[in-house]
Amino acid sequence: MAGSVEAIYVSANHGEPKASIPHAELRENVGLIGDRYAGHGVVSIIEAEAVEAFNETTGLSVSAGETGRNVVTRGIRLNDLVGRTFRLGEATLKGFELCEPCRVLGGRLATGSVRPQDVVKAFTHSAGIRARVVASGRVSPGDVVARLITA
C-alpha cells in the first residue's frame, strides 16, 4: 500500500494561515522545520480524498491547507498507519493517533449554512493522523508515502 505527498503546509505562528511550501525537512524529535509545532516531534497529515469528501458532503470548497494539517497525501488510507511505521519522502514516521476534529476546526470552517458541529461531524474519523518523526529526512510533493513492513 503506497500513496504520494500532494502538498506541505506550515505556519510559523499561532493564528496565521498555513502556507504551502515546495519541500520540508522533517527532523527526528523536532518535527517539521519552520512550523509552529516544531520541537514537539510531531507532524499532522490528512488525505486529499478526505477533504474532497468533506466538501462533497457539506457543499463547501475548503482547501486542504485550511484544515490546519501539515502534509496532504493521496492514495493511502492514513487511519491504517496509526501504530505503524511508514515513509514520508525520505523521512520515517510512526503514526500514533487520529487527528479528530475539534471545535476550533469547526469554528474555522463553519459558514452561515454549515454549523461548527456539522464540520466536526463531517470530519470525524477522517481528519487525518498525527505521527512522530523517528528518522529525519526531506519531503516534497510527489514523494512516496508507504507503510514499512517490519518483522
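Here, the structure is the one placed above.
The following paragraphs examine the structure supplied in this document. Because the structure is predicted, anything quoted here is derived from the model rather than measured.

Judged from the 4 bridges that link them, strand S5 (residues 42-47) and strand S9 (residues 129-135) form a sheet pairing that is antiparallel. Of the residues in S9, the one forming a bridge with Ile-45 is Ile-129. With 6 bridges joining them, strand S8 (residues 91-98) and S9 adopt antiparallel strand pairing. Paired with Gly-95 across the strands is Ala-131, a residue of S9.

Right, let's get into the packing of aromatic side chains. Overall, the coordinates contain 1 aromatic pair when judged by the stated rule. Centroid distance Phe-54 to Phe-123: 4.2 Å. Interplanar angle 5°. Geometry classified as stacked. Of this pair, Phe-54 sits in helix H1 (residues 48-58) while Phe-123 sits in helix H3 (residues 116-123); the two residues are 69 residues apart in sequence, bridging distant segments of the chain. Comparing Phe-54 with Phe-123 shows no difference in burial state: the two are buried. Sitting over the ring of Phe-96, Arg-132 keeps its end group 4.5 Å from the ring centre.

What counts as what
- Residues numbered from 1 in each chain as written.
- Predicted model: local features only at pLDDT ≥ 70, side-chain atom pairs only at ≥ 80, totals over all residues.
- Heavy atoms only, no water.
- Pairing = 2+ DSSP bridges.
- Helix = DSSP H or I, 4+ residues; strand = E, 2+ residues; numbered from the N terminus.
- Phe/Tyr/Trp six-rings, centres within 6.5 Å; stacked < 30°, edge-to-face > 60°.
- Buried < 20%, exposed > 50% of the residue type's maximum accessible area, 1.4 Å probe, protein only.
- Lys NZ or Arg CZ within 6 Å of the ring centre and 35° of its normal.

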